[in-house]
Structure formats: structure tokens, C-alpha cells
Amino acid sequence: MIGYRKMGRGPGLVLLHGGMKSSQDFMRLGRLMSDAFTVYIPDRRGRGLSGPFGDRFSVMREVEDMQAVISGTRARYMFGLSAGALVTLRTALEVPAIEMAALYEAPFSIDDSVPTEWVPSYERRLSEGRIAAAVISIMKGLGTEPLFQRMPRRLLVPTMALIMRLQGDGSDSDVTIRDLAPTMRYDMKIIGEMSDTLSDYANLGTSVLLMRGTKGPSYFEVAVEGLADALPQRRVTVLAGLGHDGPENDGGPDRVAKELHDFFRRSGS
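Predicted model only: the values in this text are computed from it and were never measured. (Residues numbered from 1 in each chain as written. Predicted model: local features only at pLDDT ≥ 70, side-chain atom pairs only at ≥ 80, totals over all residues. Heavy atoms only, no water.)

K.L.:
I'm lost on the environment of glycine 252 in this one. Help?
P.N.:
By the element assignment, glycine 252 lies in the loop between strand 7 (234-239) and helix 11 (253-267). With 21 residues separating them along the chain, glycine 252 and leucine 231 place their C-alpha atoms 27 Å apart. The residues touching glycine 252, leaving out its near neighbours within four places in the chain, are Leu242, Asp245 and Gly246. (Helix = DSSP H or I, 4+ residues; strand = E, 2+ residues; numbered from the N terminus. Contact = heavy atoms within 4.5 Å.)

K.L.:
Where do I start with helix 4 (residues 119-127) in this structure?
P.N.:
Think of an α-helix as turning once every 3.6 residues; residues three or four places apart then point the same way. By the burial criterion, the buried members of helix 4 are Val119, Ser121, Tyr122, Arg125 and Leu126. Considered in projection along helix 4, the buried side chains sweep an arc of 165° and stay on one side of the axis. The outward face of helix 4, more than 90 degrees from its buried face, is lined by the exposed residues Pro120 and Ser127. Next to the buried residues of helix 4 lie helix 5 (131-142), helix 7 (153-167) and helix 9 (184-194). Where helix 4 ends, the next residue or the one after it, glycine 129, has phi of about 80°, a positive value. (Buried < 20%, exposed > 50% of the residue type's maximum accessible area, 1.4 Å probe, protein only. Arc of directions from axis to C-beta.)

K.L.:
Just checking my understanding: could you explain the environment of valine 224 for this structure?
P.N.:
As for its position among the elements, valine 224 is in helix 10 (residues 218-230). The class for valine 224 is buried, based on a relative accessible area of 8%. Residues within four places of valine 224 in sequence aside, it is in contact with Leu210, Met211, Arg212 and Val236.

K.L.:
What is the right way to read the packing of helix 3 (residues 83-94) against helix 9 from this model?
P.N.:
With their axes 10 Å apart at the nearest point, helix 3 and helix 9 run at an angle of 45° to one another. With respect to helix 9, the axis of helix 3 lies oblique. Here the hand of the crossing between helix 3 and helix 9 comes out left-handed. In contact with Ala83, Leu86, Val87, Leu89 and Arg90 of helix 3, helix 9 contributes Asp187, Ile190, Ile191 and Met194. Looking at the contact of helix 3 with helix 9 residue by residue, the class counts come to seven nonpolar, no polar and two charged. (Axes fitted to C-alpha atoms, helices over the stretch in contact; angles between N-to-C directions. Parallel < 35°, antiparallel > 145°, perpendicular 65-115°, else oblique. Left-handed = near helix turned anticlockwise from the far one by under 90°. Nonpolar A, V, L, I, M, F, W, Y, C, P; charged D, E, K, R; others polar.)

K.L.:
What's the story with the side chain of histidine 17 in this structure? I'm lost.
P.N.:
Structurally, histidine 17 is set in the loop between strand 2 (12-16) and helix 1 (27-33). A polar side-chain atom of histidine 17 sits 3.1 Å from the main-chain carbonyl oxygen of lysine 21. For histidine 17, the side chain forms a polar contact with the main-chain nitrogen of arginine 44, separated by 3.0 Å. (Polar contact = N/O pair within 3.5 Å; in protein donor to acceptor, adjacent residues only side chain to side chain.)

K.L.:
I'm lost on the pattern of salt bridges in this one. Help?
P.N.:
If charged atoms from side chains of opposite charge come close, those side chains can pair. Counting across every chain of the model gives 15 salt bridges. With its nearest N and O atoms 3.5 Å apart, the salt bridge here joins aspartate 187 to arginine 47. Of this pair, aspartate 187 sits in helix 9 while arginine 47 sits in the loop between strand 3 (38-42) and helix 2 (59-73); the two residues are 140 residues apart in sequence, bridging distant segments of the chain. (Salt bridge = Lys/Arg side-chain N within 4 Å of Asp/Glu carboxyl O.)

K.L.:
Explanation requested: the packing of helix 4 against helix 9 in the structure shown.
P.N.:
Running from amino to carboxyl end, helix 4 crosses helix 9 at an angle of 155°, the nearest separation of the two axes being 11 Å. When the axes of helix 4 and helix 9 are compared, the pair comes out roughly antiparallel. Judged by the twist between their axes, the crossing of helix 4 over helix 9 is left-handed. For the pair helix 4 and helix 9, the contacting residues are Val119, Tyr122, Glu123 and Leu126 in the first and Met184, Arg185 and Met188 in the second. Grouping the amino acids of the contact of helix 4 with helix 9 by side-chain chemistry returns five nonpolar, no polar and two charged.

Put into C-alpha cells, the structure is as follows:
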């Protein structure tokens, strides 16, 4: 079962969160979009309102999840961040009902552009129950948080441990960092499955908006350029000063929402 939050009125728009996140991180963006759209914010599989990953997890399982959401809501627009953007792209290929899709910093790996050398240390720390250390491995490995790149691990790990203690156990709808830490292995599986598959999208009929900030790692620029060359119907938007968290509550969701309004309303008219 895939659960989601719902708000607003108008054409259906699905907002799909990225790795180490859940639907709660898109609440500000959802409210900003709800003036013109009925917004659906799912928890991706294994998080919050949704069911477990299951034994046969793959990107196609997440596409099936989105197909069920789209069938139930009749949404025809999608937006995805990070790994959620990869799922959004694959859903646009597999589900004809999606007319337009927007992707923010999809970690689409081209010739091993997305770093993976950190994964064994992350898995080892996770298996040892050192959750805070595993989370820092993710942050430093992917490089999406500039602060984590500048600070030494010996300071970051106890700080993360303190943050996790202060979060407590969370609730059914609000997911903690401790609960999210194991989900990254599944997002890395999606990145691996979709790496070097640009040719799959050469005939994609969906109109796509490719978005990135200027404060993120260079592999997002590589992904946007590669996808821009491959997709037949695409626009590219670069948002100066935004990082990977741009669409999230504590990023710059107002700027992202402005671009999404312009894209979905103008392209859909």
C-alpha cells in the first residue's frame, strides 16, 4: 500500500520525495502548488504512510506504486526530487497518463558519474548498528550537503547522534532519520539500475522540465546535460543559489514552485 498526503484543488500533481526524505519534507512545496493543483505527496515504499520494500524491490516496483497512485487519483503531472526524480522519469516512460514531468537533480549516472565508493562503508556501519555514522557516510559520499563536506567526521557523527536522539521515535506520518537511514540502499539500487540508460528515453512523448541548482555536486550537471541531449521534449532550468534541498521545506520551495507553476500551467494549456 502506498499512502499519500492530499491538498488543494485542480489538475492532479504528484510530488515525489528523494532519498533520506519522506512526504513530510514536501509540505511547503505542496501548499505552494495547492492553489492551482490537487497535490498528492506519497511516501515512497518503506517510509511513513506506505508499506515495506518487499523481497523483489526494483525501480519497476516503484513505478508500479506510482501507477497505482495515478490510477486512483487521475493525476497527469509529476514532480520528483533526486531518486524520486529517477522514479518519475521511469514512470513517465511506462505510464502514458503522465503528460508532463519535472525532475529536480535526478542522480542519473552517466559513465559512473554518481559516486558509489562510499556504499561499502555505509553498509558496514549500518549492519553494525552505527546509524549516525552510516548517515554521515551517505552525506559525505554523495556530497549534497556542503556543510557536511567541510566538517570532519569526528564532529559530525556525535552531532548526528544527538539530532537523532532529539527526534525520538517519530510517528506514523513523520519519519525519523533513524528510520530513513536503511532506505538509502534501495535508492542506490535504483541509481544502479537506471545508470547509462539514456537511450531508453529517446522517444519519450512526455514533456519534461529538467531542474538543478548551482550549489550541488557536478554530477547533477552531468545528468541534466545528458538528459537534455536525450529527451525529445525538454526544458532546462538552472536556479542560482539553490542546493539539492531546493524543493524541500528548508530549501527554496517558493522558487521551485514558481518554475513548476509556469511549466505545468503553460505547457498544459
